[in-house]
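Given next are the chains, with one letter for each unit.
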Amino acid sequence: MNAEIAIEDDTPADRRRRKVREAIIDAAETIFTSEGEEGISMRRLAEAIDYSPAAIYKYFASKDDLFTAIREMFFERLLARIHAAMDEGGDTGSLCARCMRAYVETGMEEPNHYMMAFSPSVTAKPHLHDEKEVAFEAEEKLVDMIQAGQAEGAFREVDAHVASKSVWASLHGLTMLIVCIDDFPNGMPRSEHVTADAVIDLHMDMIMRGLTKTE
C-alpha cells in the first residue's frame, strides 16, 4: 500500500492526529530556528498550539523524539537541495562540486538545524542508520556520483564508500566552522578580506582535485 492510498484510507481521527503532530513540529521548528534547542520545552510547545503538555506527550514521548523528527525534516530539505543541484545536469565533476556547495549552503542557511542534526543529544543511544532514512539516501547519492566519475575515467579508482566518507568529513568540517564560529573565515588578523565564498570555492576545488584521476 503506497503513502497516497494510506492517507486516503485514514479515518477522521487519523487525520486529526496527523494535523496535530504537524502543528507540534511546525511550532517546534519556529522556536528552534530562532532560539535553538534550548528554547524548546514541551510546555512552551503546548502553549504555542493551545494544547496541554500531557497532550504533546501523546505524539512525542520525549524531546529527543521531537528532535529526531525535526532532524529528519532537515535532511529531507538538504536532500531536496542536492536533487535540485543534480537536476541542473552537466559533467560529473561539475555536478559533484555543485552538490557539495548545496550541502554547505544548506547548513549556512539553517545553522541551528545543522548543529542539531549532528548533535549527540538528539538520541541517548548510538544511532545506526538504516536504508529508510533520508541521510542514507544522501550518502548513496554521493557514492553514486563518485562511482559515475570513476566509470567515466575522471575520478581515481578508490573505494567509493571510503571516498564518500572523506568528502563528507571535509564538507562537514567546513560547514561546522562557518556555522559555529561567528567571525569565520575573516576574524583573524590579516584575514579581513577573506570571504566565505572564496573559502568554499577553494575547498570544493581541493576536494575535486583529491577525487580527480591524474595522468
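Provided above is the structure to which this section pertains.
All figures in this text were calculated on a predicted structure; none of them were measured in a lab.

S.K.: How do you make sense of the packing of aromatic side chains when you look at a structure like this?
M.R.: Two aromatic rings are characterised by how far apart their centres lie and by the angle between their planes. Going through the model one piece at a time under the given rule, you end up with seven aromatic pairs. With a centroid separation of 6.1 Å and 80 degrees between ring planes, the pair formed by Phe74 and Tyr114 is classed as edge-to-face. One end of the pair, Phe74, is in helix 5 (residues 63–87); the other, Tyr114, is in helix 7 (residues 111–117), with 40 residues separating them in the sequence. For the pair shown, Phe74 and Tyr114 are each scored as buried. Here the aromatic residues Phe74, Phe75, Tyr103, Tyr114, Phe118 and Trp168 are joined through ring pairs into a cluster of three or more.

S.K.: What is the right way to look at helix 9 (residues 160–180) in this model?
M.R.: Think of an α-helix as 3.6 residues a turn; residues three or four steps apart then line up on the same face. Here helix 9 contains 21 residues, and its C-alpha end-to-end distance of 29 Å stays within 8% of the 30 Å for a straight helix at 1.5 Å per residue. For helix 9, the set of buried residues is Ala160, Ala163, Ser164, Val167, Leu171, His172, Leu174, Thr175, Ile178 and Val179. Close packing links the buried residues of helix 9 with helix 6 (92–109), helix 7, helix 8 (134–151) and helix 10 (196–211).

Reading the values: rules and limits
Residues numbered from 1 in each chain as written. Predicted model: local features only at pLDDT ≥ 70, side-chain atom pairs only at ≥ 80, totals over all residues. Heavy atoms only, no water. Phe/Tyr/Trp six-rings, centres within 6.5 Å; stacked < 30°, edge-to-face > 60°. Helix = DSSP H or I, 4+ residues; strand = E, 2+ residues; numbered from the N terminus. Buried < 20%, exposed > 50% of the residue type's maximum accessible area, 1.4 Å probe, protein only. Expected span 1.5 Å × (residues − 1). Contact = heavy atoms within 4.5 Å.

Remember, this is a structural readout, not a statement about activity or role.
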